[in-house]
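# Observations on the three-dimensional arrangement
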Amino acid sequence: MIAICYSKIMKTVVEKTEKFDPQEVIEEFEVLTRDAGKIQEETLQKILEENGGTEYLQQWGLNGKTDSLSFKNCVPIVTHKDLEPYIHRIADGDLSPILTGKPITTISLSSGTTQGKPKFVPFNEELMESTMQIFKTSFAFRNREFPVVNGKALQFIYGSKQFKTKGGLAAGTATTNVYRNAQFKKTMKAMQTPCCSPDEVIFGPDFQQSLYCHLLCGLIFRDEVQVVSSTFAHSIVHAFRNFEQVWQELVTNIRDGVLSSRVTVPSMRAAMSKLLKPDPELADTIFNKCSRLSNWYGLIPALFPNTRYIYGIMTGSMEPYLKKLRHYAGELPLLSADYGSSEGWIGANVNPELPPELVTYAVLPNIGYFEFIPLMENLDGLEPTPVGLTEVKLGEEYEIVVTNFAGLYRYRLGDVVRIKGFHNGTPELQFICRRNLLLSINIDKNTEKDLQLAVEAAAKILSDEKLEVVDFTSHVNVSADPGRYVIFWELSGEASEEILKECCNCLDISFVDAGYVGSRKVNAIGALELRIVKRGTFHKILDHFVGLGAAVSQFKTPRCVGPTNLSVLQILSSNVVESYFSTAFC
């Protein structure tokens, strides 16, 4: 039987949806993490008891065993490709216990920005409960540092279109599945940060119209807004870049109490008409605030004076947006949201005072069973044996392997993390990069982080010209001989040929990987190419993924466009206006 400790904690987590005491949540977290190893064993036992009779687990000969040793000896480590046939059978309507004992009723879609197409991932109520547990845990810790009371949140969140699979299951992005769940609204209300915008805006069919209405709702409730947030930092930056273009129109809407004609969706117009009333005084206030800003610095606190912090995922591919976000935020703190993926959650940010670049995530030991593959190679060339949650070592890097309540068993998440410390018995992880996002031609290996650092170094050259890199991505051109790195930049304005040539050379020499430098010196890798694209190109990429069913809230610019992302490569290539080749190694 599962230990009483686990059952009590999970019962408490579920019951606390409407009644929320941050201190109690913190105390529960302390109990969970104090004996993380034991909780992990109990969690695995519960997962295997619930799902041991499934087709997938039975084929590996577990024979009812629920201990971790038997589990690791019998069940192989897999990727999404290995589980795809089982997931598609579920989506197509096979009701037999394939991956889980209870039927799967919902499918989550990944953003699709990494591989070029969305992945299907099972979603169930257990995952929803762990989502709420993560939300409440991190809120409890950050509310201790940055308390909010009876406020609202300006949340730039967007639901994607849901559809039915061949077997009749509801399918949508992971964020949409969360936003549509009744528990989400109850939890936001309990945390005293309900969303400013009505559901008609969040789930509107047109992203640009939803964004406009989000901004308008925020302004209407400007004095009540205490948190500005989105799933990813990109969405917040994108929203306020948009605000720069439409702010006077928004002011006119507020002054006259009449919604812009750009909003044409009837349900959205009806919902906004209930909120929008003529308010000349508010319109004057916003106009004066915006008119006094210097280059939009401190825009967010100017518009929303009672904001305590800005919140969203700010690590990994989101780090390049931090500079612009800080510009809009002024002195407001940036708090990085929790660590998870379309497949489920890993950990909560329980140290909200840390800046996004240093943020860590404490693993919740009861929301799944976690293993960690060391990144070092064995002398025999074989991959190292995974270690358990409490066996990881400080300072070491690992790839995460997840077993959860929704049918993923020993599933490689593909994320590389570093162990930065421990909260009681559970590790605190720092996200490093996606393991499969590598620029590589010869013996070179450059990660997403390496690319980001190179772009940051070269972008400093532009700052003297008061220009910035709006967005960027990369591609390995192996059709050239020799193959070379191609970096795509979208800029905020026009730069001289001399400056861009200097940027191109800087990019090339900023990749310090020994394999890359050595290969460049002997011309085994060709000269790096910098391609400048038209303004709005990366917005076209966003529109492309939204058209495939992705939610804007979940969008991440692909930092490395691989061969499976031909549509994105075509968008980029057709919008190139200038191209430069490095002379750094000539």
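All residue numbers refer to position in the chain's written sequence, counted from 1. Only residues with pLDDT of at least 70 get local features here, since the model is predicted, and only at 80 or more are side-chain atom pairs given and counted; chain-wide, interface and lining totals rely on the full set of residues. Only hydrogens and water are removed before side-chain values are computed, so all heavy atoms of the structure are retained for them.

## Points about the packing of aromatic side chains
- Between rings of Phe, Tyr and Trp, where Trp is taken as its six-membered ring, a pair exists when centres lie within 6.5 Å; planes separated by under 30 degrees are stacked, by over 60 edge-to-face, and by other angles tilted. The full count for this structure, using the stated rule, is 20 aromatic pairs.
- Ring centres of Y339 and F431 lie 6.0 Å apart, and the angle between their planes is 65°; on these two criteria the pair is classed as edge-to-face. With Y339 in strand β9 (residues 339–341) and F431 in strand β16 (residues 426–434), this pair connects stretches of sequence that are 92 residues apart. F431 matches Y339 in its accessibility class, with the two residues each being buried.
- Grouping aromatic residues by their ring pairs yields a cluster made of Y56, W60, Y86 and Y409.
- When the NZ atom of lysine or the CZ atom of arginine is within 6 Å of a ring's centre and also within 35 degrees of its normal, the charge is said to sit over that ring. The ring of F221 has K152 lying over it, and the distance from NZ or CZ to the ring centre is 4.9 Å.
- Taking NZ or CZ as reference, R559 lies 4.2 Å from the ring centre of F472, over its face. Secondary structure elements are taken from DSSP: a helix is a run of H or I of four residues or more, a strand is a run of E of two residues or more, and numbering for both begins at the N terminus. Summary of the burial criterion: residues with accessible area below 20% of their type's maximum are buried, those above 50% are exposed, and those between are partly exposed, where the area comes from a 1.4 Å probe applied to protein chains only.

## Quick notes on the domain arrangement of the protein chain
- Per the annotation, domain bounds derive from an automatic or database assignment of domains. Domain boundaries assigned for the protein chain yield domain 1 (18–122 + 358–436), domain 2 (147–332) and domain 3 (448–581).
- The centre of domain 1, based on its C-alpha atoms, is set 34 Å off from the matching centre of domain 3.

## Quick look at helix α13 (residues 266–273)
- Those residues of α13 that fall on the buried side of the exposure criterion are M268, A271 and M272. One side of α13 holds all its buried residues, which, seen down the axis, span an arc of 95°.
- The inward-facing, buried residues of α13 abut α10 (199–202) and α11 (207–220). The directions considered for the arc are those from the helix axis to the C-beta atoms. Note on contacts: a residue pair qualifies if any of its non-hydrogen atoms lie within 4.5 Å across the two residues.

## A closer look at unusual backbone geometry
- Phi at W296 takes a positive value of approximately 65°, unusual for a residue other than glycine.
- Looking at where W296 falls in the secondary structure, it is placed in the loop between α14 (280–292) and α15 (299–303).
- Of note, R410 is a non-glycine position whose phi angle comes to about 55°, a positive value.
- By the secondary structure assignment, R410 is in the loop between β14 (397–403) and β15 (411–423).
- For R410, a relative accessible area of 5% gives the class buried.

## Observations concerning the side chain of S70
- Topologically, S70 is positioned in helix α5 (residues 68–74).
- Accessibility expressed as a relative area gives 13% for S70, which makes it buried.
- Once you skip the residues sitting within four places of it in the chain, S70 turns out to touch L62 and K65.

## Overview of empty space enclosed by the protein
- Both site types are read off a 1 Å grid over the protein atoms alone. A 1.4 Å probe that fits but cannot get out defines a cavity, while an open set with protein on both sides within 12 Å along at least five of seven lines defines a pocket; lining residues have an atom within 4 Å of a point. Grid points are joined across faces, edges and corners, and a volume is the space filled by probe spheres set on the points. Per the counting criterion, the structure on display carries 3 cavities of 30 Å³ or more.
- Of the residues contributing to the lining of the second largest cavity, the split by class is 5 nonpolar, 5 polar and 1 charged. Three categories are distinguished: nonpolar for Ala, Val, Leu, Ile, Met, Phe, Trp, Tyr, Cys and Pro, charged for Asp, Glu, Lys and Arg, and polar for the others, with Gly belonging to the last.

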